[in-house]
Amino acid sequence: MASGKKKKKKRTEEENREFNQDWTETFAFICKTDGLPTCLICHEKLAHNKKSNLERHFTTKHTQFAGKYPTGDARKKAVEELQKKQQQSSFMLSNWAQSSNNVNLASFAV
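Residues numbered from 1 in each chain as written. Predicted model: local features only at pLDDT ≥ 70, side-chain atom pairs only at ≥ 80, totals over all residues. Heavy atoms only, no water.

## Let's talk about the nonpolar core
As a reminder of what qualifies: To form a nonpolar core, buried Ala, Val, Leu, Ile, Met, Phe, Trp, Tyr and Cys residues must be joined to one another through side-chain atoms within 4.5 Å. Relative accessibility thresholds used throughout: buried, under 20% of the residue-type maximum; exposed, over 50%; partly exposed, between the two (1.4 Å probe, protein chains only). By the criteria applied, helices consist of DSSP H or I runs no shorter than four residues and strands consist of E runs no shorter than two, each listed in order from the N terminus. Should any heavy atoms of two residues lie within 4.5 Å, those residues are considered in contact.
Among the nonpolar cores identified, the biggest contains 15 residues, and F27, F29, L54 and F65 are the most heavily contacted of them. Of the residues forming this core, the biggest block, 3 residues, is contributed by helix α4 (residues 73–109). Beyond its immediate chain neighbours, meaning those up to four positions away, L54 contacts F19, W23, F27, F29, P37, L46 and H48.

Here you go:
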């Protein structure tokens, strides 16, 4: 007969999963400040830093990208371009947010 003890479920926060920088080139994912992996191609965020989740997303949703840019220098250059575009868009968004904040401050000053 069982001793009556329930097995404690392991929480994902307790597993100390960290984003592996090799996944950026391999699966076109980056890790943003929130700690979640984000796809550079479709900008979808995944819930956990697990290689299997990133690989599944990449192989099922981005087969054309994988075919067009096989592993190696071609994929590395394509991922670098995607990273540059992502950085530019986040920079533009932060500039826009700052300019609207400046307008609000100016209206209060008047």
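## Side note on a negative patch on the surface
What counts here: Patches draw on residues past 30% relative accessible area with no salt bridge. Two like charges within 9 Å are joined, as are two nonpolar side chains (Val, Leu, Ile, Met, Phe, Trp, Tyr) within 5 Å. Residue exposure ignores everything except the shown protein chains as possible cover, and the areas themselves are Shrake-Rupley values with a 1.4 Å probe. Criterion for a salt bridge: a side-chain nitrogen of Lys or Arg within 4 Å of a carboxyl oxygen of Asp or Glu. Counting rule for charge: Lys and Arg are taken as positive, Asp and Glu as negative, and neither His nor the chain ends is counted. A charge is said to be at NZ when it belongs to Lys, at CZ for Arg, at CG for Asp and at CD for Glu.
A surface patch of like charges, here negative, comprises D22, E25, D73 and E80. Elements that contribute at least two residues to the negative patch include exactly α1 (22–27) and α4. With respect to the element layout, D73 can be found in helix α4.

## A closer look at the packing of aromatic side chains
Heads up, the rule is: Any pair of Phe, Tyr and Trp rings, taking the six-membered ring for Trp, is counted once the centres come within 6.5 Å. Such a pair is stacked with planes under 30 degrees apart, edge-to-face with planes over 60 apart, and tilted for the rest.
Under the defined criterion, the tally for this structure stands at 4 aromatic pairs. Seen in terms of ring centroids, F19 and W23 are 5.6 Å apart; in terms of plane orientation they differ by 90°. Their pairing is edge-to-face. The two residues F19 and W23 agree in class, both being buried. Ring centres 6.1 Å apart and planes at 85° place the aromatic pair F58 and F65 in the edge-to-face group.

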